[in-house]
Amino acid sequence: HYSRGKPSLRKIPEQLKKKVIDLYQQRYLGFGPTLAQEKLLEIDGIQISRETLRKQLINEGLWEKRCKRIKHRRWRERKAYCGEMVQMDGSHHDWLEGRGPELVIMAYIDDATNTVYARFYDYEGTIPALDSFKGYIEQYGLPQSLYLDKHSTYKSNARLTIEEELEGLSLPKSQFGRALEELGVEVIHANSPQAKGRIERLFKTFQDRLVKEMRLANINSKEQANGFLKGYLPKHNKKYGKSPLNMTNLHRKIPQGMNLDSIFSIKTKRALKNDWTIFYNNQLYQIEETPPNARIKTVIVEERIDNTIHILYNGIELKYKKIEKRPLKPKEEKEQLKIRKIHIPSIDHPWRRFKINPYKRSFLSNRK
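The present account deals with the structure reproduced in this document. Just so it is clear, the model here is predicted, and its values are computed rather than measured. (Residues numbered from 1 in each chain as written. Predicted model: local features only at pLDDT ≥ 70, side-chain atom pairs only at ≥ 80, totals over all residues. Heavy atoms only, no water.)

**Examining the environment of Lys267**
1) Next: Turning to its location among the elements, Lys267 is positioned in strand β8 (residues 265–271).
2) Next: Owing to a relative accessible area of 24%, Lys267 belongs among the partly exposed residues under this scheme.
3) Next: Remark: the alpha-carbon pair of Lys267 and Ile311, spanning 44 residues in sequence, is separated by 9.6 Å.
4) Next: For Lys267, the contacting residues outside a window of four places in its chain are Gln175, Arg178, Glu182, Ser262, Ile300, Val301 and Glu302.
5) Next: A distance of 3.4 Å separates polar atoms of two side chains, one belonging to Lys267 and the other to Glu182. (Helix = DSSP H or I, 4+ residues; strand = E, 2+ residues; numbered from the N terminus. Buried < 20%, exposed > 50% of the residue type's maximum accessible area, 1.4 Å probe, protein only. Contact = heavy atoms within 4.5 Å. Polar contact = N/O pair within 3.5 Å; in protein donor to acceptor, adjacent residues only side chain to side chain.)

Below, the structure is given as structure tokens:
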């Protein structure tokens, strides 16, 4: 053939290859071939195929061949409806690559459509779980069920109290589980990480792409990271979203009049003392006013997401004030008022001159 031994007419110029490699080393080092190819086109306006870029990176020693060994597991089909089941989890990772504090991302992914919602927090716990789920339902509505693991935040490992046994509960509830029950959302606990593989794969994608996107945007704080997610997630959902088998959306609207601030709080029962005070988190609170003709023995203390404390009795919020200094008991007051003086006798005091006659002591001992 006449083209034997000649370079291909579609061969990429060596100058362009050198430019791509230089840009990769300067700006995109550590990026996978797919993400690097997208950023070269989006930011630098250079069009190159993913496979060509991958081979070139391997030849330069900037990328390694990866062989996937997939363990066979039974495949679970996606849910047919949007909002039928949402998977939730938290991921600990150095999201800011040392530019800021270590954060945890709380993420939600719809099983049918791959729609993602996420926010960054300082830790994985009850308040971040409540706050993130509140943000999800305000944007998408209440799902039918929530699929999560057996972390102590989502499933309580404590024993049943006597009151819970009298109520007929078989398992204790965490604060997050109690909030979901009040909202009418079914809780499903996964028995293995592979069971919630959809959100685990989401974290793998985030740890590759989201980390590098935030590096390019020079994100170095939790507030900046959450602001960045507002613009990043719509693009992510558009790229990785799926069409459900049935277009009916099972997300429910939040009922009118529902107090979400009260539901998304840590609720604790406390005994009301005779002086109308309660003790909570090493702090004393004085109830200033109670409903008329009400004999209150216990109240509910709500620690809300905004770090405010609310005290309720039968759904009625009670007025209170914080006691900065704990009052002294009557015995403690007397002890403080009574000043004890230590009396030291003088040198010529009779007690100091008093001596026992040694002969008299021996005489008495012999007589005995």
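**Some points on the pattern of salt bridges**
Pairs may arise between side chains of opposite charge once their charged atoms sit close together.
1) Next: If you walk through the whole model with that rule in mind, you get 22 salt bridges.
2) Next: A salt bridge links Glu97 to Arg215; the nearest nitrogen and oxygen atoms lie 2.9 Å apart. Separated by 118 residues along the polypeptide, Glu97 in the loop between β2 (86–93) and β3 (103–110) and Arg215 in helix α7 (residues 197–216) bring together distant segments of the chain.
3) Next: Among the residues examined, Glu97 registers a relative accessible area of 32% and is labelled partly exposed.
4) Next: A salt bridge links Glu302 to Arg304; the nearest nitrogen and oxygen atoms lie 2.9 Å apart.
5) Next: Look at Arg304 and you get buried, because its relative accessible area is 10%. (Salt bridge = Lys/Arg side-chain N within 4 Å of Asp/Glu carboxyl O.)

**Details of the packing of α7 against helix α8 (residues 222–240)**
1) Next: Relative to each other, α7 and α8 sit at 125°, their axes nearing to 12 Å. With respect to α8, the axis of α7 lies oblique. In terms of crossing hand, the pair formed by α7 and α8 is right-handed. Each of Leu202, Thr205, Phe206, Arg209, Leu210, Glu213 and Met214 in α7 lies in contact with α8, whose residues at this interface are Ala225, Phe228, Leu229, Tyr232, Leu233, His236, Lys239 and Tyr240.
2) Next: Looking at side-chain class alone, the contact of α7 with α8 contains 10 nonpolar, 2 polar and 3 charged residues. (Axes fitted to C-alpha atoms, helices over the stretch in contact; angles between N-to-C directions. Parallel < 35°, antiparallel > 145°, perpendicular 65-115°, else oblique. Left-handed = near helix turned anticlockwise from the far one by under 90°. Nonpolar A, V, L, I, M, F, W, Y, C, P; charged D, E, K, R; others polar.)

**Focus on the sheet that holds β8**
What links the strands of a sheet is backbone hydrogen bonding, and the strands pair in either a parallel or an antiparallel sense.
1) Next: Here 6 strands make up an open sheet; going across it, the order is β8-β11-β12-β13-β10-β9 and the pairing antiparallel. Of all strands in the sheet, those with a lone pairing partner are β8 and β9 (277–280), marking the two edges. Neighbour-to-neighbour, the strand axes of the sheet open up by a mean angle of 35°, direction not taken into account.
2) Next: Examined bridge by bridge, β9 and strand β10 (residues 283–289) share 4 bridges and lie antiparallel to one another. (Pairing = 2+ DSSP bridges.)

**What about the sheet that holds β3?**
1) Next: Sheet architecture is open: 5 strands sit in the order β4-β3-β2-β5-β6, paired in mixed fashion. Where the open sheet ends on each side, the last strands, each with one partner, are β4 (116–121) and β6 (186–189). In this sheet, adjacent strand axes meet at a mean angle of 20° when their direction is disregarded.
2) Next: Inspection of the sheet shows strand β5 (residues 145–148) paired to β6 by 4 bridges, in the parallel sense. Looking at β6, one finds that Tyr147 is bridged to Ile188.
3) Next: Each of β3 and β4 is contacted by α8, which is oriented at about 170° to β4, the strand it contacts most.

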